[in-house]
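Secondary and tertiary structure notes
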Amino acid sequence: MNTTAFDPKQHWENIYTKKGPQDVSWFQAMPKVSLDLFTEYRVPMDARIIDVGGGDSLLVDHLLERGFRNVSVLDISGTSLAKARQRLGANGSSVQWIESDATTFSAPAPFDVWHDRAVFHFLTTDAEVDRYLERLSELLKPGGLLILGTFSENGPEKCSGIPVHRYSEAEMVARLQKVCDRIKCFHVDHVTPFDTVQNFLFCAFRKAAF
C-alpha cells in the first residue's frame, strides 16, 4: 500500500512541467466570464488585483491589455509562474509573481479584487477552507470584490487526478458569509480543450466596508 503523503506543490509542479497550456482542462483563451465581472463591477484601472491560483492562465494577459496596472498572480507552482512570465516577456515586468500556497501566503498590502477560478474547489477539508478564508479576510480590503469560480454540484468529482469539492450556491454563500456578502451567483458551462463540458458555479461577493 502506498502511504506517501500527498504533496500538493509537487503535484502541481509535475502537472505544469509535463503539460502545455492546452493540455489542461481549465484552459481558456478568453476568460470572458471573469472579465465581464470586472467590467460589470467597474473595477478601476489602478485597483490592486490578485489572481489566486492563476498559474499560467491568460487572465493576466487580458487584464494588462485592458490597462490594469497593479496585478498579482499567485500559484503554488513556480513552474507555472515561470511559463507565464516567459509568455508575457517585458509586458509582465509590472506583475507581482507570488509562489505560495493560497492558504498560507502573505502580502505587503491588501487587495481590491480577489479572483479565484482555480483553487477553492481543491480545498477538501474544513481546515484548508478555514485557512483560505483567514487569508481572504486579512488580504481583501473592506469593500473589496471577490470573484470565485468553483465546480458546481454538476461539475466533475476530480480534476488533474485529485478530488475536488463541488459547491451549490447555498453552500458557497454559507462558507463565505463570515467574510463577504453575496452579490450574485450563476452557473457556466466551460468547454475544455478536449471538448468535454464542466459546469462551474461563479459567485461575486463584496466584503463589508467599515
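Here we summarise the structure given alongside this text. (Residues numbered from 1 in each chain as written. Predicted model: local features only at pLDDT ≥ 70, side-chain atom pairs only at ≥ 80, totals over all residues. Heavy atoms only, no water.)

Examining the state of the cysteines
Here is the rule: In plain terms, two cysteine sulfur atoms within 2.5 Å form what is called a disulfide here. Numbered from the N terminus, helices here are DSSP runs of H or I no shorter than four residues, and strands are runs of E no shorter than two. To sort residues, take the accessible area from a 1.4 Å probe on protein chains only and compare it with the maximum for the residue type: under 20% means buried, over 50% means exposed, and anything in between is partly exposed.
Tallying each qualifying case throughout the model produces one disulfide. The partner cysteine of C185 in its disulfide is C203, sulfur to sulfur 2.1 Å. Measuring handedness by torsion sign, the sulfur bridge of C185 and C203 sits at about 110 degrees and is right-handed. Within this pair, whereas C185 is found in strand 8 (residues 180-191), its partner C203 is found in strand 9 (residues 197-207), the two being separated by 18 residues in sequence. We classify C203 as buried; its relative accessible area is 0%. Free cysteine C180: the closest other cysteine sulfur is in C203, separated by 11 Å. The class of C180 is buried, set by a relative accessible area of 3%.

Topic: the pairing of strand 4 (residues 111-116)
Our working definition: Here, strands pair whenever DSSP counts at least two bridges between them. Note on handedness: a clockwise path from strand one over the helix to strand two, with the strands aimed away from the viewer, defines a right-handed crossover.
Judged by how many residues are buried, strand 4 sits mostly within the fold: five of six residues are covered. Taken together, the four bridges between strand 1 (residues 49-52) and strand 4 define a ladder with parallel strand orientation. Bridge pairing links V52 to D116 in strand 4. Two strands pair when backbone bridges link them, and strand 4 and strand 5 (residues 140-151) are joined in this way by five bridges, in the parallel orientation. Among the inter-strand pairings, W114 is bridged to a residue of strand 5, identified as L146. Read as a crossover between parallel neighbours, the route from strand 4 over helix 5 (residues 126-139) to strand 5 is right-handed.

Details of the packing of aromatic side chains
For any two aromatic rings, the description comes down to two numbers: the centre-to-centre distance and the angle of the planes. Heads up, the condition is: The aromatic pairing rule takes the rings of Phe, Tyr and Trp, using the six-membered ring of Trp, and pairs them if the centres are within 6.5 Å, calling planes under 30 degrees apart stacked, those over 60 edge-to-face and the rest tilted.
Considering all chains together, one arrives at eight aromatic pairs under this definition. Ring plane angle 70 degrees and centroid distance 5.8 Å describe the contact between F38 and F68, whose orientation is recorded as edge-to-face. In this pair, F38 sits in helix 2 (residues 32-40) while F68 sits in the loop between helix 3 (59-65) and strand 2 (71-75), placing the two residues 30 residues apart along the sequence. Overall, F38 belongs to the buried group, its relative accessible area being 3%.

Topic: the sheet that holds strand 5
Strand pairing in a sheet relies on backbone hydrogen bonds, with the paired strands running either antiparallel or parallel. For clarity, the threshold we go by: Whenever a helix is involved, its axis is fitted only over the stretch in contact; in every case the axis is a line through C-alpha atoms, and angles between N-to-C directions fall within 0 to 180 degrees. Any two residues having at least one pair of non-hydrogen atoms within 4.5 Å are treated as being in contact.
The strand order across the open sheet built from seven strands is 3-2-1-4-5-9-8, with neighbouring strands paired in mixed fashion. Across the chains shown, the open sheet's two edge strands, defined by having one partner strand only, are strand 3 (96-99) and strand 8. If you compare each strand with its neighbour and ignore which way they point, the axes differ by 15 degrees on average. Across the sheet, helix 5 touches strand 1, strand 4, strand 5, strand 8 and strand 9, and the angle it forms with strand 5 is around 145 degrees.

Observations regarding helix 4 (residues 78-88)
What counts is decided by this rule: In this context, the arc is that of the directions from the helix axis out to the C-beta atoms. Residues adjacent in sequence count toward polar contacts only when both atoms are side-chain atoms; beyond that, a polar contact is any pair of N or O atoms within 3.5 Å, and within protein one must be able to donate a hydrogen and the other to accept it.
Where helix 4 is concerned, the buried positions are G78, S80, L81, A84 and L88. Down the axis of helix 4, the smallest arc covering the buried residues is 160 degrees, so these residues share one side. Along its buried surface, helix 4 packs onto helix 1 (8-18), helix 3, strand 2 and strand 3. Sitting at the head of helix 4, S77 places a side-chain oxygen 3.3 Å from the backbone nitrogen of T79.

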